[in-house]
Amino acid sequence: MSIFSKPNRGFLLNVDRNPILHGILKKTFYEQFCAGENGGETKATIKELKDMGFRGVIMTYAKETVFDHSTNMEQGLGVAALKSENKGQELDPSLARCANIEAWRKGTMETVEQLEDGDYLAVKLTGAGPTVTKAFSAGELPPQQMLDALDEMCTRCKERKVRILVDAESQHFQWGIHRVTLNLMRRYNRDGYALVYNSYQAYLKSTFDTLSKHLAAAQEDGFTLGLKLVRGAYMASDKRSLIHDTKTDTDNAYNTIAQGALKQTIGEFGVSKPFPSTNLFLASHNRESVMDAHQLHKQRLAAGLPTVPVGFAQLHGMSDEVSFSLLALKGKDGTPEVYKCSTWGGMGECLAYLLRRAIENRDAVLRTSDEYNALKSEFRRRIRALFSLSA
Ligand SMILES: Cc1cc2nc3c(=O)[nH]c(=O)nc-3n(C[C@H](O)[C@H](O)[C@H](O)COP(=O)(O)OP(=O)(O)OC[C@H]3O[C@@H](n4cnc5c(N)ncnc54)[C@H](O)[C@@H]3O)c2cc1C
């Protein structure tokens, strides 16, 4: 996967040009983790997931840029100029419109149109290319064309009752991403719920402080904080010193924030200061984290104690055992609300995403004993059922 991800690959190693390589990857990696290369394939996958009982889907368009701290370089996989339909039409230079931002806007708006009431759109802002990543690297806001595209996305999502999860990305870009997302939350999360969620990476030592600042902003400016919590997926490329020293520290940070939000007590919020309106989204494959959070949420609802709305999500193609265990607990009130998160886009555009999934599945080895035991007991149950039928 890392070889295929390198820029300027020759014909043989180019997943979009070599049909044999494309075919093999599509059937092995791509279909396991991604929704489709076009609208038709993507809609079919969404339907399949909803038919399995998920509350909805989280869909993302694959374009992104990863910053590798070790090489100090951006890997702009799939960042391409606006093509096909604009063949023969020059972009008006007087408008100075950036083709990469326009391509990102188009892909994002196309994704919104595939979604329905209750679904989520996930966005990777670095997919809009170098002018945007340059601004993010400096911790600045992106060009006005990107801000306009984000406003268009929020307005359309609100009309279609689709919510937005802004992904957390490489640390190099993350301060700029936080700034943009905080502005969007301030503007659009005014109706007592979060239209826009910011993502917080629990593996970063700085996350507790960042979250505290954002809770303070939500409290002072009177908007709902959209809190999507993840552990963090950029260990292979981000600066190691910024990340907690051990997995246990990351787990503790994740569970402290998740449970704190559900109890409406994080740092001084909920103690000496009021806890601001917050919507929580727990994106994790860690069985213990999600089950404990769901139990706590249920207990607090039953006891009439204050809590926050919460959704759960796992990635498409991963940890189905966790997703279905949660679904099996679904009560009359419709909780827990469980989602599958998928990605669509051409094979080349999806390579960075697929590469992260490959790396992540090394961590998943730690979880496989749980899944293996669950499969073994289900196999035994079916064999027993078969024999009792034939007896
Ligand atoms: C729906 C969904 C959306 C996501 N969106 C994003 C996103 O926007 N941005 C993003 O960055 N990631 C995102 N992720 C990926 C996520 O950050 C994790 O990489 C992935 O889910 C694995 O963590 P886990 O909570 O599932 O559980 P686990 O498998 O229990 O945890 C693995 C994680 O623990 C951390 N870890 C592992 N070893 C160490 C160590 N030695 N020291 C410190 N920490 C360690 C790493 O974060 C690693 O990914 C998303 C995941 C899901 C399910």
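Structure's up top.
The text that follows walks through the structure, step by step, so that each part is easy to find. (Residues numbered from 1 in each chain as written. Predicted model: local features only at pLDDT ≥ 70, side-chain atom pairs only at ≥ 80, totals over all residues. Heavy atoms only, no water.)

## Comments concerning the overall build of the protein chain
Then comes step 1: Within the protein chain, the regular secondary structure consists of 13 helices and 11 strands.
Then comes step 2: When each of the 391 residues of the protein chain is scored for burial, the buried share is 50%.
Then comes step 3: Across the protein chain, the fraction of contacts at a sequence separation of at least 24, relative to all contacts at a separation of at least 6, is 76%.
Then comes step 4: With an accessible surface of roughly 18500 Å², the protein chain has 55% of that area assigned to carbon and sulfur atoms. (Helix = DSSP H or I, 4+ residues; strand = E, 2+ residues; numbered from the N terminus. Buried < 20%, exposed > 50% of the residue type's maximum accessible area, 1.4 Å probe, protein only. Contact = heavy atoms within 4.5 Å. Areas by Shrake-Rupley, 256 points an atom, 1.4 Å probe, with all protein chains shown as cover.)

## Side note on helix 7 (residues 171-188)
Then comes step 1: Across its 18 residues, helix 7 extends 25 Å between first and last C-alpha, which sits within 8% of the 26 Å expected from 1.5 Å per residue.
Then comes step 2: Taken as a whole, helix 7 carries its principal kink of about 25° at Ile177.
Then comes step 3: Along helix 7, the residues classified as buried are Gln171, Phe173, Gln174, Gly176, Ile177, His178, Val180, Thr181, Leu182, Leu184, Met185 and Tyr188. (Expected span 1.5 Å × (residues − 1). Bend = angle between axes of the 7 residues up to and from the residue.)

## With respect to the packing of helix 6 (residues 144-160) against helix 7
Then comes step 1: Running from N to C, helix 6 and helix 7 cross one another at 40°; their axes reach a closest spacing of 12 Å. In terms of axis orientation, helix 6 runs oblique to helix 7. Note that helix 6 runs across helix 7; the crossing there is right-handed. Taken together, the residues of helix 7 that come into contact with helix 6 (itself represented by Leu150, Asp151, Cys154 and Thr155) are Val180, Leu184, Arg187 and Tyr188. (Axes fitted to C-alpha atoms, helices over the stretch in contact; angles between N-to-C directions. Parallel < 35°, antiparallel > 145°, perpendicular 65-115°, else oblique. Left-handed = near helix turned anticlockwise from the far one by under 90°.)

## A word on the pattern of salt bridges
Then comes step 1: Across all of its chains, the model carries 26 salt bridges by this definition.
Then comes step 2: Notably, a salt bridge pairs Asp191 with Lys158, separated by 2.8 Å at the nearest N-O pair. Pair noted here: Asp191 is in the loop between helix 7 and strand 7 (196-201) and Lys158 is in helix 6, with a separation of 33 residues, a long-range link.
Then comes step 3: The partly exposed category is assigned to Asp191, whose relative accessible area is 45%. (Salt bridge = Lys/Arg side-chain N within 4 Å of Asp/Glu carboxyl O.)

## What about the environment of Ala313?
Then comes step 1: Its location among the elements puts Ala313 in strand 10 (residues 310-315).
Then comes step 2: Along the sequence, Ala313 and Glu337 sit 24 residues apart, while their C-alpha atoms lie 8.5 Å from each other.
Then comes step 3: Discounting residues that sit within four places of it in the chain, Ala313 has contacts with Ile58, Phe281, Leu282, Ala283, Ser284 and Tyr339.

## A look at the packing of aromatic side chains
Then comes step 1: Per the stated rule, a full pass over the model turns up 8 aromatic pairs.
Then comes step 2: Aromatic pair Phe29 and Phe33: ring centres 6.5 Å apart, planes at 35°, arrangement tilted. Placement of the pair is Phe29 and Phe33 together in helix 2 (residues 19-33), with a separation of 4 residues, close to one helical turn.
Then comes step 3: Residue classification places Phe33 among the buried residues on the basis of a relative accessible area of 6%.
Then comes step 4: Here the aromatic rings of Phe281 and Tyr339 are separated by 5.6 Å at their centres, their planes lie at 50°, and the arrangement is tilted. Pair noted here: Phe281 is in strand 9 (residues 278-283) and Tyr339 is in strand 11 (residues 337-344), with a separation of 58 residues, a long-range link.
Then comes step 5: The class for Phe281 is buried, based on a relative accessible area of 1%.
Then comes step 6: Each residue in the set Tyr120, Tyr197, Phe281 and Tyr339 is aromatic and connected to the rest through ring pairs, giving one cluster. (Phe/Tyr/Trp six-rings, centres within 6.5 Å; stacked < 30°, edge-to-face > 60°.)

## Focus: the pairing of strand 7
In summary, the side chains of a regular strand alternate between the two faces of the sheet.
Then comes step 1: By the criterion of burial, strand 7 is predominantly enclosed, with 6 of the 6 residues buried.
Then comes step 2: Residue alternation in strand 7 divides its side chains into two sets, Val196, Asn198 and Tyr200 and Tyr197, Ser199 and Gln201, and both sets are buried.
Then comes step 3: With helix 7 bridging strand 6 (residues 163-166) and the parallel strand 7, this β-α-β connection has right-handed handedness.
Then comes step 4: Across 4 bridges, strand 7 lies against strand 8 (residues 225-230) in parallel orientation. Note on strand 8: the bridge partner recorded for Ser199 is Lys228. (Right-handed = clockwise from strand over helix to strand, strands pointing away. Pairing = 2+ DSSP bridges.)

## Things to note about helix 10 (residues 287-302)
Then comes step 1: Between its terminal C-alpha atoms helix 10 stretches 22 Å, which fits the 22 Å expected from 16 residues at 1.5 Å a residue.
Then comes step 2: For helix 10, every residue scored as buried is listed here: Ser289, Val290, Met291, Ala293, His294, Leu296, His297 and Arg300.
Then comes step 3: Buried residues in helix 10 make contact with helix 9 (247-263), strand 9, strand 10 and helix 11 (320-328).
Then comes step 4: Where helix 10 begins, the capping side chain belongs to Asn286, and its oxygen is found 3.1 Å from the backbone nitrogen of Glu288.
Then comes step 5: Positive backbone phi, approximately 70°, marks Gly304, located one or two places after helix 10. (Polar contact = N/O pair within 3.5 Å; in protein donor to acceptor, adjacent residues only side chain to side chain.)

## Concerning the environment of Tyr61
Then comes step 1: Relative to the assigned elements, Tyr61 resides in strand 2 (residues 56-61).
Then comes step 2: Distance in space between the C-alpha atoms of Tyr61 and Thr111 is 6.7 Å, their sequence separation being 50 residues.
Then comes step 3: Residues within four places of Tyr61 in sequence aside, it is in contact with Ala103, Gly107, Thr108, Thr111, Ala122, Trp344 and Glu349.
Then comes step 4: At a separation of 3.2 Å, a polar atom in the side chain of Tyr61 contacts the side chain of Glu349.

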